[in-house]
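Overview (structure and organization)
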Amino acid sequence: MSATSRKSAPLPDDIRAMKGATPIVSLTAYTTPMAELMDPHCDFVLVGDSVGMVLHGLPNTLGVTMEMMILHGQAVARGLKTAMLVVDMPFGSYEESPAQAFRNASRLMAETGCAAVKLEGGAHIADTIAFLVARGVPVMAHIGLTPQSINTLGGYRVQGRDEGAGKVLRDARAIAEAGAFSVVLEKLPAPLSDEITREIRIPTIGIGASAGCDGQILVHYDMLGLFTAFKPKFVKRYAHLGEEAERAIATYAEEVRARAFPAEEHVYSNKAPNT
Ligand code: KIV
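Residues numbered from 1 in each chain as written. Predicted model: local features only at pLDDT ≥ 70, side-chain atom pairs only at ≥ 80, totals over all residues. Heavy atoms only, no water.

Considering the packing of aromatic side chains
The test is simple: Aromatic contacts are taken between Phe, Tyr and Trp rings whose centres are within 6.5 Å, Trp giving its six-membered ring; a plane angle under 30 degrees counts as stacked, one over 60 as edge-to-face, and the others as tilted. Labels follow the DSSP assignment, with helices taken as runs of H or I lasting at least four residues and strands as runs of E lasting at least two, numbered in each case from the N terminus. Partly exposed residues are those whose accessible area sits between 20% and 50% of the maximum for their type, while under 20% is buried and over 50% is exposed, using a 1.4 Å probe and protein chains only. Charge-over-ring placement is defined geometrically: NZ (Lys) or CZ (Arg) within 6 Å of the ring centre, and within 35 degrees of the ring normal.
Applying the stated criterion across every chain yields a total of four aromatic pairs. Look at Tyr156 and Phe230: their rings are 6.5 Å apart centre to centre, the planes differ by 35°, and that puts the pair in the tilted class. Placement of the pair is Tyr156 in the loop between α7 (150–153) and α8 (164–178) and Phe230 in the loop between α10 (220–223) and α11 (241–257), with a sequence separation of 74 residues. Looking at Tyr156, the relative accessible area reads 33%, which means it is partly exposed. Their ring planes at 85° and their centres at 5.6 Å tell us that Phe227 and Phe230 sit as a pair that is edge-to-face. One aromatic cluster in this structure is built from Tyr156, Phe227 and Phe230. Over the ring of Phe131 we find Arg135; its NZ or CZ atom is 3.6 Å from the centre of that ring.

Digging into the packing of helix α6 (residues 126–134) against α8
Relative placement of two packed helices is described by the angle separating their axes and the distance separating the axes. Short version of the rule: Angles shown run from 0 to 180 degrees and are taken between the N-to-C directions of axes, each axis being a line fitted to C-alpha atoms and, for helices, limited to the stretch in contact. When describing relative orientation, an angle under 35 degrees is termed roughly parallel and one over 145 degrees roughly antiparallel, while 65 to 115 degrees is termed roughly perpendicular and anything else oblique. Handedness of a helix crossing follows the sense of rotation of the near helix relative to the far helix, less than a right angle counterclockwise being left-handed and clockwise being right-handed. In what follows, residue pairs with any heavy atoms lying within 4.5 Å of each other are defined as contacts. Throughout this entry, Asp, Glu, Lys and Arg are counted as charged residues, while Ala, Val, Leu, Ile, Met, Phe, Trp, Tyr, Cys and Pro are counted as nonpolar. The remaining residues, Gly among them, count as polar.
In contact at an axis separation of 8 Å, α6 and α8 are set at 20° when each is read in the N-to-C sense. As summarised for this structure, α6 and α8 are arranged roughly parallel, according to the angle between their axes. Considering how the two elements wind past one another, α6 and α8 form a crossing that is right-handed. Each of Ala126, Ile129, Ala130 and Val133 in α6 lies in contact with α8, whose residues at this interface are Ala174, Ile175 and Ala178. Of the residues that constitute the contact of α6 with α8, the class distribution is seven nonpolar, no polar and no charged.

Considerations on the pattern of salt bridges
The line we're drawing: Every case where a carboxyl oxygen of Asp or Glu lies within 4 Å of a side-chain nitrogen of Lys or Arg is listed as a salt bridge.
All told, the structure shown has eight salt bridges when counted by the stated rule. A salt bridge links Glu67 to Arg107, with the shortest nitrogen-to-oxygen separation between them at 3.4 Å. Residue Glu67 is found in helix α4 (residues 66–79), and its partner Arg107 is found in helix α5 (residues 98–112); the two are separated by 40 residues along the sequence. Its salt-bridge partner being Lys118, residue Asp88 comes within 2.8 Å of it at the nearest N-O pair. Of this pair, Asp88 sits in strand β3 (residues 84–88) while Lys118 sits in strand β4 (residues 116–120); the two residues are 30 residues apart in sequence, bridging distant segments of the chain. Looking at Lys118, the relative accessible area reads 3%, which means it is buried. Each member of the salt-bridge network shares a partner with another, and the members are Glu67, Arg107 and Glu111.

Points about the confidence of the model for the chain
Residues shown with low pLDDT carry predicted positions that ought not to be read at fine detail. Which entries qualify depends on this criterion: Looking at any residue, its pLDDT shows the predictor's confidence there, from 0 to 100.
Of all residues in the chain, 97% attain a pLDDT of 70 or more, and the chain-wide mean is 95. In this model, residues 1–6 is a region of pLDDT below 50 whose contacts with residues beyond four sequence positions or in other chains number 14 contacts.

Here's the deal with the sheet that holds strand β5 (residues 139–144)
Rules: Strand pairing is assigned whenever DSSP detects at least two bridges linking the two strands.
Pairing is parallel in the closed barrel, where eight strands are placed in the order β1-β2-β3-β4-β5-β6-β7-β8. Each strand axis lies, on average, 25° off the axis of its neighbour in the sheet, ignoring direction. Strand direction decides the pairing type here: strand β1 (residues 24–28) and strand β2 (residues 44–47), joined by three bridges, are parallel. From the neighbouring strand, Leu27 faces β2, where its bridge partner is Val45. Along the sheet, α6 makes contact with β4 and β5, crossing β5 at roughly 165°.

A word on a nonpolar patch on the surface
The condition is simple: Exposure above 30% relative accessible area and the absence of a salt bridge qualify a residue for a patch, where like charges join within 9 Å and nonpolar side chains (Val, Leu, Ile, Met, Phe, Trp, Tyr) within 5 Å. Calculation of accessible area relied on Shrake-Rupley with a 1.4 Å probe; when residues are assessed, cover is drawn exclusively from the protein chains displayed.
Among the surface-exposed residues, Tyr252, Val256 and Phe261 lie close enough to one another that they form a single nonpolar patch of about 270 Å² accessible area. By secondary structure assignment, the location of Val256 is in helix α11. Residue Val256 is classed as partly exposed on the basis of its relative accessible area, which comes to 38%.

Some details on α6
Under the convention used in this document: The arc in question is the one traced by the directions running from the helix axis out to the C-beta atoms.
Within the span of α6, buried status applies to Ala126, Thr128, Ile129 and Leu132. Relative to the axis of α6, the buried residues are bounded by an arc of 160° and lie together on one face. In α6, those exposed residues whose orientation departs by more than 90 degrees from the buried face are Asp127 and Ala134. Looking one or two places after α6, you find Gly136, whose phi comes out positive at around 90°.

Structural notes on the nonpolar core
Selection rule: Residues enter a nonpolar core if they are buried and are Ala, Val, Leu, Ile, Met, Phe, Trp, Tyr or Cys, with the set joined through side-chain atoms within 4.5 Å.
With 60 residues, the main nonpolar core has Ile129 and Ile196 as its most contacted residues. For this core, the leading source of residues is α8, giving six residues. Non-local contacts of Ile129, meaning those with residues more than four positions away in its chain, are made with Leu119, Val139, Ala141, Ile175, Ala178, Gly179 and Ala180.

Structure, rendered in structure tokens:
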């Protein structure tokens, strides 16, 4: 299955079935217009909690709330026809207990229409994943660099190097065993990412991981050059829309000050048209 041949949005099981076959394409989205642009090209779109940093100016993802995820989840849902919608569970919405996780995951599904939720963590969160899956909540896991834990991981550093590799491998096995239908691998050495991809039976979605992963994801503000506060090595800039927008804004300001805008074609006469 590919994004171009598909007629309706895939389900988590369809994404799982893409392992080892077609590379899975995904991006983050937070708004309807961007979701509409991505829809024909992506297998799934993630409303990531990165929304807090790139759209709301927060210093990290820890301040993101359920309400923010629901609002942006609903906006993205309106823009999707053929890509599957996944919504991130924000920090503090699932770690306390499996029951708390179910309460919030089911709310995300009911209020946004998402097909699955994503949560961060490995072996320590496996029981919660199993609890959710048994109750009808498809779960995408997220291991390696898990940004909600930057304060215990020592910042945004590469995970899984040297003796850290064993822990990441155990995390991958535990979340796959618990029933996650796929897993995001963030900021891991490529050889370790390849080993995980070979070993577990669910698709790996890489971000700063390896071209050998079953799929890839990027934050669209990063790849379009709209978020430039910092640029990790794994971000490829496919466009420089921030620079283009800045140039357009500067030209507009100049033209308003010079009374060059609006020109004749932008103002109404006493006759039609009305638009
Ligand atoms: O929040 C996010 O955008 C994410 C992606 C980086 C995978 O979790």
